[in-house]
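# Reading the structure
Spelled out, the chains give:
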Amino acid sequence: MSSYRIGIAFFYHESHSFSPLKTEIEHFVQEGYFVGTEIYKAYSGTKTEVGGFLDVLKQVEIVPLVCAAAVPSGIVSSEAYHIIEKQMLHSLTHAGPLDGLLIALHGAMVVEHLFDPEAHLLSQIRSCIGSDVPIATTLDMHANISEDMLTYTPLHFGFKTYPHVDMYEQGVNAARALLTQVKESAIYYASFKKMPMLLPSINMRTAEGPMKKMIDLAKQAEQEADVYNVSIFGGFPYSDIPIAGASVLVTALNPETAEKTAKKLASQFWSIKEEFIVDLPTVEEGLQTALKRSSEQPIVLADIADNPLSCGSGDTTELLEYMLKLNMPGTLFGGLYDPESIKQCVQAGVGNYVSLSLGGKVSPEFGKPVEVEAKVIGLSEGEFYNSGPFNQHLKVNVKGAAHIRVGELDILLIGRPVSANDPELFRHIGIEPETKKIIGLKAKNHFRAAFEPLVGSIIYVDAPGVASNRLTTFKYQHIPKPIWPLQDVKYESEKRRKEKWMH
Ligand SMILES: [Zn+2]
């Protein structure tokens, strides 16, 4: 083992400024909050960024610091952020001298009174470890990046896939880059272009469409001499902050190459912006389409506006109501976040009937609870391991689950808002989604990684919800203006907007 000592950390949240659910410390604790050696048990062998860090760092001394992640939700409370930041700085202070630091960030966190928490965190880390220790980060494709981030390190590795199945790979890339810098003291230069465009993420998949074009261009650019890494950030349009929006980040071995490449990619990104905008069918239109389509495999209706991984409450009821009315054999809906109903199911017991008021509790403005008489088919603690490629092997705990049947519709209730991104969500309680005809899911794009091989087709529906594709429904206050497509705007690549980081 070499004598290098590398710190690893993870601080991850995607924050929706318009979600009513503030993210508190208990949300991090529920999802994942690990200090020191606890990190090994949680992430060793997982296809996550930290899993990638751990695999690359086998030959050096790893110093595990803090890993904190919560499900995307409303903005993070100032208290929660500062507890985690304090723990991070405390761990760093007691870690002894480090040769490098790897940190997995999301890049779309918003904290009360803090618009750019990732840059703030990096500044605090720098004041703790000094300016000479190399730092490398991984970032989500939906990060709202600021130029400020680059003042702390030029080494940032954005995901290149959506569904994000390259988290592990980018963790590996960041770790390798960091080790190279630690060993060889290479100097990297980053060039960053922020564009005044706020893009819905629905059409950002990297299998096809405009984001595929951008990622292909990024990979081509990485083949050019001196270009080290290119990240394309679609941004997260539900963060109402001055740094919201799409951007391009190029890291190169000389500043001219970084600047030239970033400029070119930014102008290409801007030129295809219209392709990111799509109109979706209503729930009724989506269901009609599903009924007309003949398919051996199930047809999925994805309720994207209530996707918990886009900060949906997971309990809106419009699609559920339509599927109940349809009352067709071979239909499945889930997972609906409803701990109260699960409790009633547990009291009633398997095989018995119970009156339930389903969903509509967190966000009644998007659909009232639905009164039903349900048969309890199965109950579980809600723990399983992902089997699909997205966050593979990661343990998921949905805090209890109930499989109920109302008429012909099978419904999965879960005790925590979790996107239906992995079939084990259903299988762990005895439901096989593959055998169904029509499935209504609280999901958007990540679920495709595991579900596409099982299903015939996928229809996105436009139900009401906090993660609606229609950005004009949100009352923005802090985003840069003008911004496309909310206002018509001419992009000037050299324009530098002076941005405020704090309220
Ligand atoms: Zn993302």
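Residues numbered from 1 in each chain as written. Predicted model: local features only at pLDDT ≥ 70, side-chain atom pairs only at ≥ 80, totals over all residues. Heavy atoms only, no water.

Further remarks concern unusual backbone geometry. Cis geometry is adopted by the peptide bond preceding P163, which originates at Y162 and carries an omega value of 5 degrees. Position of P163 among the secondary structure elements: in the loop between β8 (156-158) and α6 (167-184). With an omega of -15 degrees, the peptide bond between G334 and G335 qualifies as cis. Summarising the element assignment, G335 is placed in strand β13 (residues 331-337). At S185, a position not held by glycine, the phi torsion is positive, near 50 degrees. Position of S185 among the secondary structure elements: in the loop between α6 and β9 (189-194). Judged by its relative accessible area of 55%, S185 is exposed. (Helix = DSSP H or I, 4+ residues; strand = E, 2+ residues; numbered from the N terminus. Buried < 20%, exposed > 50% of the residue type's maximum accessible area, 1.4 Å probe, protein only.)

For the rest of this paragraph, the subject is the nonpolar core. Membership of the largest hydrophobic core comes to 61 residues, with the highest contact counts inside it found for I8, V50, L102, M211, I232 and F269. The leading source of residues in this core is α6, at eight residues. Those residues in contact with I8 that lie beyond four places of it in its chain are I39, V50, F53, L54, L57, I62, V63, P64, L65, V66, L101 and L102. Counting 39 residues, the second-largest nonpolar core is a separate cluster that includes L98, I125, L139 and Y152. (Core = buried A, V, L, I, M, F, W, Y, C linked by side-chain atoms within 4.5 Å. Contact = heavy atoms within 4.5 Å.)

A word on the packing of helix α4 (residues 78-93) against helix α5 (residues 117-129). Closest axis-to-axis distance for the α4/α5 pair is 10 Å, and the angle between their directions is 25 degrees. By the angle class used here, α4 and α5 are roughly parallel. Between α4 and α5 lies a crossing whose hand is right-handed. Across from Y81, E85, M88, L89, L92 and T93 in α4, the residues of α5 making contact are P117, H120, L121, Q124, I125, C128 and I129. (Axes fitted to C-alpha atoms, helices over the stretch in contact; angles between N-to-C directions. Parallel < 35°, antiparallel > 145°, perpendicular 65-115°, else oblique. Left-handed = near helix turned anticlockwise from the far one by under 90°.)

With that out of the way, let us pick up the side chain of D306. Tracing the sequence through the fold places D306 in the loop between β12 (299-303) and α10 (318-326). Ignoring any residue separated from it by four or fewer positions in sequence, one finds D306 in contact with G312, S313, G314, D315, T316 and K442.

To continue, consider the layout of surface pockets. One water molecule sets the probe size; rolling that probe over the atoms shows where empty space is left. In this structure, the second largest pocket encloses a volume near 300 Å³. Lining the second largest pocket are 14 residues, and of these L21, H27, Q30, S73 and P417 lie nearest its centre. Per-class residue counts for the lining of the second largest pocket are seven nonpolar, five polar and two charged. The residues that make up the lining of the second largest pocket include at least three from each of domain 1 (5-276) and domain 2 (283-461). (1 Å grid on protein atoms, 1.4 Å probe; cavity = no way out; pocket = protein on both sides within 12 Å on 5 of 7 lines; lining within 4 Å. Points joined across faces, edges and corners; volume = space filled by probe spheres on them. Nonpolar A, V, L, I, M, F, W, Y, C, P; charged D, E, K, R; others polar. Domains from an automatic or database assignment.)

A contiguous nonpolar patch, built from V346, V350 and L379 and spanning about 240 Å² of accessible area, is present on the exposed surface. Along the chain, V346 turns up in helix α11 (residues 339-348). (Patch = residues over 30% accessible without salt bridge, like charges linked within 9 Å, V, L, I, M, F, W, Y side chains within 5 Å. Areas by Shrake-Rupley, 256 points an atom, 1.4 Å probe, with all protein chains shown as cover. Salt bridge = Lys/Arg side-chain N within 4 Å of Asp/Glu carboxyl O.)

Moving on to the packing of helix α3 (residues 49-56) against α6. Running from N to C, α3 and α6 point in directions that differ by 40 degrees, and their axes come no closer than 7 Å. Taken as axis vectors, α3 and α6 run oblique relative to one another. Regarding α3 and α6, the two cross each other, and that crossing is right-handed. Side by side, α3 and α6 meet where E49, G51, G52, F53, D55 and V56 of the first sit next to M167, Y168, G171, V172, A174, A175, R176 and L179 of the second. Its residues assigned to classes, the contact of α3 with α6 shows eight nonpolar, three polar and three charged.

The next subject is α5. Along its 13 residues, α5 runs 18 Å from first to last C-alpha, staying within 8% of the 18 Å computed at 1.5 Å per residue. Residues of α5 that are buried include every one of P117, E118, A119, L121, L122, S123, I125, R126 and I129, and no others. Once α5 ends, the next one or two residues include G130, with phi positive near 85 degrees. (Expected span 1.5 Å × (residues − 1).)

Turning next to the domain arrangement of the protein. The domain boundaries assigned to the protein delineate domain 1 (5-276) and domain 2 (283-461). Between the C-alpha centres of domain 1 and domain 2 there is a distance of 31 Å. Facing 26 residues of domain 1, the contacting portion of domain 2 comprises 24 residues. Taken together, both faces of the contact between domain 1 and domain 2 bury some 2,000 Å²; the carbon and sulfur share is 64%. Between domain 1 and domain 2 we count two salt bridges in total. With a closest N to O distance of 4.0 Å, R205 and E452 form a salt bridge. (Buried area = accessible area lost by both parts, 1.4 Å probe.)

This next bit is on the sheet that holds strand β20 (residues 438-441). Strand order in the open sheet made by the eight strands is β14-β15-β18-β19-β13-β20-β12-β21, with mixed pairing throughout. On the outer flanks of this sheet lie β14 (353-358) and β21 (457-461), each paired with one strand and no other. Here the average twist between neighbouring strands, direction ignored, is 30 degrees. Bridging between strand β15 (residues 370-380) and strand β18 (residues 401-406) involves five bridges; their strand directions are antiparallel. Bridging from a neighbouring strand, S380 pairs with A401 of β18. Sheet strands touched by α10: β12, β13, β14, β15, β18, β19 (409-414) and β20. Its angle to β13, the strand with the most contacts, is close to 150 degrees. Against the sheet, α11 makes contact with β13, β14, β15, β18 and β19, and its axis sits at roughly 175 degrees relative to β14, the strand it touches most. (Pairing = 2+ DSSP bridges.)

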